[in-house]
Amino acid sequence: MFARLTGLVGRDLLRDTIAYSVGIAVAGASFGALATAQGLQWWTTMAVSVLVYAGTAQFAALGVAASGGGPLAVVATGLVLNLRHVPYGLSVGHLYWDRWWTRLLGTQNLLDTTTAFALAEGDDLRRAKIAYWTTGAGNAIAWIAGNLAGIAAGRQIASPEAFGLDAALPAIILALVLPALRDRSTLLACAVGAAIALATSPFLTGGLPVLLALAGLAFAWPPKEPEEAQR
Amino acid sequence: MLIAILVLAAGTFLIRLSGPLLRERISLSAHAEAVLKAGATVVLLALVATSAIVVDGAWAGWALPAGVLVGGVLAWRRAPLALVVVAAAATTALLRLAGID
């Protein structure tokens, strides 16, 4: 069975998925440990991880709650951080828009990394679908298993920073988007966008700077139709 | 808090759902399709830049951007992703261990 899986998915993608999933498992463990240390019941922690299923927003929401923020602040922080999934859905949504259950699972599977892995396959629709689902499955298993391990270990798990994990996840995304930067228009839009995001991030709440980066598109693709000018 | 969790979950699902639903409403030219793809790339790269350089609205320190940079250079030299991940994490972790943060 493993051989068939390797045949369908491809060795490189399988290897990349495993490498990435190990990182997610450690992140998941630290989320489970942090939530437990903050007094969340194990089932509440798991409900958050399965239902919200967005690591960055979960860590941020936990941080807001820990610093005394009310339910409204927790929800607002998480939702603003998650707004970046709108452009993700616009760009890869067609990959899973088939049956009702692929739409349901695919929607929950929409993440920074699954989007990046799918986009990294370029114009090959079949490969992009395989990448989207394979890395998504790896992410789901690793995140849930990591959560459970973290809950069991409680406070004994060190912060993810000690492992340099906060560098690993951006590095993965960077590696995945690099090939797309060979296109000069995309490179220009990304450079302007990153500059905007960096310049605004000291002043704005998390999640908004990366959306403002979309303005970089206007530099690379001067608006032709009014419909496109908005993006 | 349970209600907050459910609202956050439902809101996140709707945000994720909105992209493909919007896509269905509008017919996309090849040009628009390319811009949409670039849009996701722009957001992803901005996410890399901000999460590597800014933490909680302030300078992240040297260890974090150094690790991401090492990973980026390796990826540019076409190193496998596993190596990129390990090298980025190890660089940041070792710098921190050495007291550089």
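Rules used throughout
- Residues numbered from 1 in each chain as written.
- Chains lettered and ligands numbered in written order.
- Predicted model: local features only at pLDDT ≥ 70, side-chain atom pairs only at ≥ 80, totals over all residues.
- Helix = DSSP H or I, 4+ residues; strand = E, 2+ residues; numbered from the N terminus.
- Rg over C-alpha atoms; globule rule 2.2 N^0.38 Å.
- Buried ≥ 20, exposed ≤ 12 C-beta atoms within 10 Å, placed from the backbone.
- Contact = placed C-beta atoms within 7 Å.
- UniProt positions renumbered as here; feature names shortened; annotations may be inferred.
- Domains from an automatic or database assignment.
- Nonpolar A, V, L, I, M, F, W, Y, C, P; charged D, E, K, R; others polar.
- Axes fitted to C-alpha atoms, helices over the stretch in contact; angles between N-to-C directions.
- Parallel < 35°, antiparallel > 145°, perpendicular 65-115°, else oblique.
- Left-handed = near helix turned anticlockwise from the far one by under 90°.
- pLDDT = per-residue confidence, 0-100.

**Q** So what's going on with the overall build of chain B? Residues and values would help.
**A** A count of helices and strands for chain B gives four helices and two strands. Here chain B has a C-alpha radius of gyration of 19 Å; the compact-globule value for 101 residues is 13 Å, and the former is much larger. In terms of its C-alpha atoms, chain B occupies a principal-axis envelope of roughly 55 × 45 × 25 Å. Of all 101 residues assigned to chain B, the portion counted as buried reaches 49%. Long-range contacts, defined as pairs at least 24 residues apart, comprise 40% of the intrachain contacts of chain B with a sequence gap of at least 6.

**Q** With reference to specific residues and values, describe the UniProt feature "transmembrane region" (unreviewed entry) in chain A.
**A** Residues and elements named next belong to chain A. UniProt annotation of "transmembrane region" (unreviewed entry) refers to residues 18-37, 57-81, 130-150, 162-181 and 188-221 when read in the numbering used here. Its end C-alpha atoms 6 Å apart, residues 57-81 is made of 84% helix and 0% strand. Along residues 188-221 one finds 68% helix and 0% strand; the C-alpha atoms at either end are 10 Å apart.

**Q** Which residues make up the domain arrangement of chain A, and what values go with them?
**A** Interface size is commonly expressed as the accessible area that is lost once the parts come together. Residues and elements named next belong to chain A. Entries for chain A in the domain assignment read domain 1 (2-166) and domain 2 (183-231). The interface of domain 1 with domain 2 comprises six residues on the first partner and seven residues on the second. Grouping the constituent residues of the side of domain 1 that touches domain 2 by class yields five nonpolar, no polar and one charged.

**Q** Could you give an account of the interface of chain B and chain A, with specific residues and numbers?
**A** Each partner contributes to the interface: chain B provides 58 residues, whereas chain A provides 73 residues. Those elements that provide at least two residues to the side of chain B that touches chain A are α1 (2-25), α2 (30-53), α3 (63-76) and α4 (81-97) of chain B. Split by residue class, the side of chain B that touches chain A holds 41 nonpolar, 14 polar and three charged.

**Q** Just give me the short version of the environment of V48 of chain B, but keep the residues and values in it.
**A** Locating V48 of chain B in the fold gives a position in helix α2. Excluding residues that lie within four positions of it along the chain, V48 of chain B makes contacts with P170, I173 and L174 of chain A together with V68 of chain B.

**Q** How would you summarise helix α7 (residues 100-108) of chain A if you had to cite specific residues and measurements?
**A** Among the residues of α7 of chain A, G106, T107 and Q108 of chain A are the ones counted as buried. In this structure, the buried residues of α7 of chain A make contact with α1 of chain B.

**Q** Could you give an account of the UniProt feature "transmembrane region" (unreviewed entry) in chain B, naming the residues involved and the relevant values?
**A** Residue and element names in this part refer to chain B. The positions that UniProt labels "transmembrane region" (unreviewed entry) are, in the present scheme, residues 42-69 and 81-100. Taken as a whole, residues 42-69 contains 68% helix and 14% strand, while its terminal C-alpha atoms sit 18 Å from one another. Taken end to end, residues 81-100 is 85% helix and 0% strand, and its two terminal C-alpha atoms sit 26 Å from one another.

**Q** Break down the packing of helix α5 (residues 71-82) of chain A against α1 of chain B for me, with residues and values.
**A** Two packed helices can be described by the angle between their axes and the distance between those axes. Remark: α5 of chain A packs on α1 of chain B, axes separated minimally by 9 Å, with the N-to-C direction vectors making an angle of 20 degrees. The orientation of α5 of chain A relative to α1 of chain B falls into the category roughly parallel. α1 of chain B is crossed by α5 of chain A, and the crossing has right-handed handedness. Contact with α5 of chain A, carried on its side by P71, V74, V75, G78, L79 and N82 of chain A, involves I3, A4, V7, L8, G11, T12 and I15 of chain B of α1 of chain B and no other residues of that element.

**Q** Describe the packing of helix α8 (residues 112-119) of chain A against α2 of chain B, with residues and values.
**A** Packing of α8 of chain A against α2 of chain B leaves a shortest axis separation of 11 Å and a crossing angle of 130 degrees. Taken together, the axes of α8 of chain A and α2 of chain B lie oblique to each other. Crossing of α8 of chain A over α2 of chain B shows left-handed handedness. For the pair α8 of chain A and α2 of chain B, contact is made by D112, T115, A116 and L119 of chain A and by K37, A40, T41, L44 and L47 of chain B, respectively. Tallied by class, residues from the contact of α8 of chain A with α2 of chain B come to five nonpolar, two polar and two charged.

**Q** Please provide a residue-by-residue account of the environment of L165 of chain A, values included.
**A** Counting through the fold element by element, L165 of chain A comes out in helix α10 (residues 165-177). With 21 C-beta atoms counted inside 10 Å, the residue L165 of chain A sits in the buried group. Residues within four places of L165 of chain A in sequence aside, it is in contact with G23, V26, A27 and P160 of chain A together with A89 of chain B.

**Q** Outline unusual backbone geometry, listing residues and values.
**A** Negative phi values dominate among residues other than glycine, just as trans dominates among peptide bonds. Residues and elements named next belong to chain B. One non-glycine residue, D56, lies in the positive phi region at around 55 degrees. Locating D56 in the fold gives a position in the loop between β1 (54-55) and β2 (58-59). Classification of D56 by C-beta neighbours within 10 Å gives exposed; the count is 9. Although it is not a glycine, R78 adopts a positive phi angle of roughly 65 degrees.

**Q** I'd love a proper account of the environment of A142 of chain A, names of residues and values included.
**A** Residues and elements named next belong to chain A. Among the secondary structure elements, A142 is positioned in helix α9 (residues 125-153). In this structure, the C-alpha to C-alpha distance between A142 and V26, residues 116 residues apart in sequence, is 8.3 Å. The residues contacting A142, other than those within four sequence positions of it, are S21, I24, A25 and G28.

**Q** So what's going on with the confidence of the model for chain A? Residues and values would help.
**A** Across chain A, the average pLDDT comes to 90, with 94% of residues at 70 or higher. Here residues 226-231 of chain A is a poorly scored stretch, pLDDT under 50, and it has eight contacts once near neighbours within four places are set aside; other chains count.

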